[in-house]
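Secondary and tertiary structure notes
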Amino acid sequence: MANILDYIDWRGDLTFEKAPFNDIDNLIFTQLSFIDFDSIVPGVESRSKIRLSDAAREFFAAGKSTEMGVLVPNDIVELFRRMADCPRYRDVYLTKFINKIDYEKQQQFAALTIIIDDALMYIAFRGTDDTIVGWKEDFNMGFMTAVPSQLDAVKYTALAAEGNSLPIILGGHSKGGNLAVYSAIHSSKDVKDRLIKVYNNDGPGFSKNVVGLEEYRDVADRIETIIPESSVVGIMLEHDEKFTIVKSTQKGLLQHDAFSWEVLGTKFVLAEERSRYSEISDEAMKKWIGDMDTEERMLFVDTLFEILQSTDAKTITDLNLNSFETAMSMLRTFKNLDEDKRAGLSRILGALFKDNVKAAVNTILKQKEKKPQKPARGGKRKYAVVKRRLRSK
């Protein structure tokens, strides 16, 4: 089945003037935001811009790394190469690139503004990359009113909107989708008036307090949330909008990979409903979060990442490079934790696995009870006939 790379090959000869922007273009732009555009695309304070094809030439000439890390697909580099070679994308402009890692604030934030033509701009927020600090910020969403990247997303959108009157589309994949929605909720009236659509591509939702805000309701009708059948990330926390559910060539959590989403023509291949895997994960996650108060969530997240960061690893890839040494370092850190932290983490992890596995098994059993298998028609009669024939021989 076709994916976004095939879409570029098929649709790439048509400019946006001939074939308007659609949901597939949205997903492609979210992946483009993962490219290392440092020193290539002008920064947030600049009014300059660079053509995508020129940015690609500089990127590959500079010999920048094409390894995206353990959790980000390397296909993104090939996507960038194909975009630069086709009329649809090569003449769009890129500007206001930012890539910010702040260990003290526990923040990973990156964004890119894409000027599609004289009538439209797309602001793409990068999702969680390979950095450990980026994953820590994701976990912080479970108990913080606003994480640093959400606040920066609002500021970034205001900067990108300055000095022009173009209609705006906000979007992102994974955490980037959450940042796009958060920015839409908290942007100024001027930005909201120019806002056409907000794409949350398999990104987490928000707390109940946020989805209940009047500011949320102001933009709710423009939020497009797209998730794969077995979504886990995209159904986290609260959503008040409808989902568009797409088919994927992967299974389970691997469906989060945007390159696995099935495409037919200018549309995604849609599924009728979420898979049982997604529903079970959703129930388990909500039960886990619901059973912990804010203090327990903070303890769990801080202690878990204290153990991970004790290895001196900066990325998930670093953790995998020397797996034995990494494991030993983490074990030593766990043993050296103070008694309260060690006991708290052990209790929470124990409850998580014990209760959630039990809940998953019960859900599966209930499903089987609802759909009992019927014996094949005539099965008993045929068996009796065969049995009589064997006896007569």
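Reading the values: the criteria
Residues numbered from 1 in each chain as written. Predicted model: local features only at pLDDT ≥ 70, side-chain atom pairs only at ≥ 80, totals over all residues. Heavy atoms only, no water. Helix = DSSP H or I, 4+ residues; strand = E, 2+ residues; numbered from the N terminus. Buried < 20%, exposed > 50% of the residue type's maximum accessible area, 1.4 Å probe, protein only. Contact = heavy atoms within 4.5 Å. Areas by Shrake-Rupley, 256 points an atom, 1.4 Å probe, with all protein chains shown as cover. Core = buried A, V, L, I, M, F, W, Y, C linked by side-chain atoms within 4.5 Å. Axes fitted to C-alpha atoms, helices over the stretch in contact; angles between N-to-C directions. Left-handed = near helix turned anticlockwise from the far one by under 90°. Nonpolar A, V, L, I, M, F, W, Y, C, P; charged D, E, K, R; others polar. Salt bridge = Lys/Arg side-chain N within 4 Å of Asp/Glu carboxyl O. Pairing = 2+ DSSP bridges. Polar contact = N/O pair within 3.5 Å; in protein donor to acceptor, adjacent residues only side chain to side chain. Phe/Tyr/Trp six-rings, centres within 6.5 Å; stacked < 30°, edge-to-face > 60°. pLDDT = per-residue confidence, 0-100.

**A look at the overall build of the chain**
For the chain, the count of helices and strands is 17 helices and ten strands. Burial statistics for the chain: of 393 residues in total, 50% are counted as buried. By sequence separation, contacts in the chain at least 24 residues apart represent 72% of the contacts at least 6 residues apart. Accessible surface computed for the chain: about 20,300 Å², of which carbon and sulfur atoms make up 53%.

**A short note on the nonpolar core**
One finds F29, L32, F37, L94 and I114 to be the most contacted residues of the largest nonpolar core, which totals 47 residues. Among the elements of the structure, α1 (4-11), α2 (23-32), α3 (52-61), α4 (75-84), β2 (93-102), β3 (107-117) and β4 (120-125) are those that each provide at least two residues to this core. Looking at this core, the element that brings in the most residues is α4, giving six residues. Excluding its chain neighbours within four sequence positions, the residues that come into contact with L32 are F37, L52, F80, M83, L94, L112 and I114.

**Notes on the packing of α1 against α2**
Remark: α1 packs on α2, axes separated minimally by 10 Å, with the N-to-C direction vectors making an angle of 115 degrees. Our pair here, α1 against α2, has a crossing hand that is left-handed. Residue-level contacts link I4, Y7 and I8 of α1 to I24, D25, L27, I28 and Q31 of α2. Looking at the contact of α1 with α2, its residues break down into six nonpolar, one polar and one charged.

**Some thoughts on unusual backbone geometry**
Phi at S39 is positive, roughly 70 degrees, even though this residue is not glycine. Turning to its location among the elements, S39 is positioned in the loop between α2 and β1 (50-51). Here S39 falls in the exposed class, since its relative accessible area comes to 73%. Within the chain, K96 stands out as a residue other than glycine whose phi angle is a positive 55 degrees.

**What to know about the pattern of salt bridges**
For the coordinates displayed, the defined rule picks out twelve salt bridges. Here R51 makes a salt bridge to D91, at a shortest N to O gap of 3.5 Å. You can see R51 sitting in strand β1 and its partner D91 sitting in the loop between α5 (87-90) and β2, a full 40 residues away along the chain. For R51, a relative accessible area of 28% corresponds to the partly exposed category. Its salt-bridge partner being E78, residue R82 comes within 2.9 Å of it at the nearest N-O pair. Residue R82 and its partner E78 are located together in helix α4, separated by four residues, close to a single helical turn. Sharing partners across several salt bridges, the network here consists of D9, E78, R81 and R82.

**Remarks on the side chain of D152**
Summarising the element assignment, D152 is placed in helix α7 (residues 148-161). Once residues within four sequence positions are removed from consideration, D152 is found in contact with K100, Q107 and F109.

**Some details on the pairing of β2**
For β1 and β2, the ladder comprises two bridges, and the chain directions are antiparallel. When the sheet's bridge partners are listed, I50 is paired in β2 with L94. For β2 and β3, the ladder comprises eight bridges, and the chain directions are antiparallel. In the strand pairing of β3, K100 is matched with F109. As consecutive antiparallel partners, β2 and β3 are separated by four residues, and within that stretch Q106 has a phi angle of approximately 60 degrees, a positive value.

**Quick word on the sheet that holds β4**
Paired through their backbone hydrogen bonds, the strands of a sheet run either parallel or antiparallel. If you walk across this open sheet you meet the eight strands as β1-β2-β3-β4-β5-β6-β7-β8, and the pairing is mixed. Each edge of the open sheet carries a strand with a single partner, namely β1 and β8 (243-246). Of the strands in this sheet, β2, β3, β4, β5 (168-173), β6 (195-201) and β7 (223-228) touch α2, which is tilted by about 65 degrees from β6.

**Re the side chain of T113**
Mapped onto the secondary structure, T113 falls in strand β3. Residue T113 is classed as buried on the basis of its relative accessible area, which comes to 1%. Polar side-chain contacts of T113 include one of 2.8 Å to the side chain of Y156. In this structure T113 touches Y93, L94, T95, K96, M121, Y122, I123, Y156 and A160, once residues within four positions along its chain are discounted.

**A short note on the packing of aromatic side chains**
Applying the stated criterion across every chain, the model contains 18 aromatic pairs. Here the aromatic rings of F37 and F97 are separated by 5.7 Å at their centres, their planes lie at 80 degrees, and the arrangement is edge-to-face. A residue pair is termed long-range when its members are at least 10 positions apart, and F37 in the loop between α2 and β1 and F97 in strand β2 qualify at 60 residues. Each member of the pair, F37 as well as F97, is classed as buried. On the basis of an interplanar angle of 45 degrees and a centroid distance of 6.2 Å, the ring pair of F109 and F125 is categorised as tilted.

**Focus: α2**
A large share of α2 lies buried, amounting to nine of its ten residues. For α2, the set of buried residues is I24, D25, N26, L27, I28, F29, T30, Q31 and L32. Regarding α2, its N-cap is N22, as a side-chain oxygen of that residue lies 2.8 Å from the backbone nitrogen of I24 further along.

**Concerning the confidence of the model for the chain**
When the pLDDT values of the chain are averaged, the result is 79; 65% of them are 70 or greater. Contacts of residues 372-387 to residues separated by more than four positions or lying in other chains number zero contacts, the stretch itself having pLDDT below 50.

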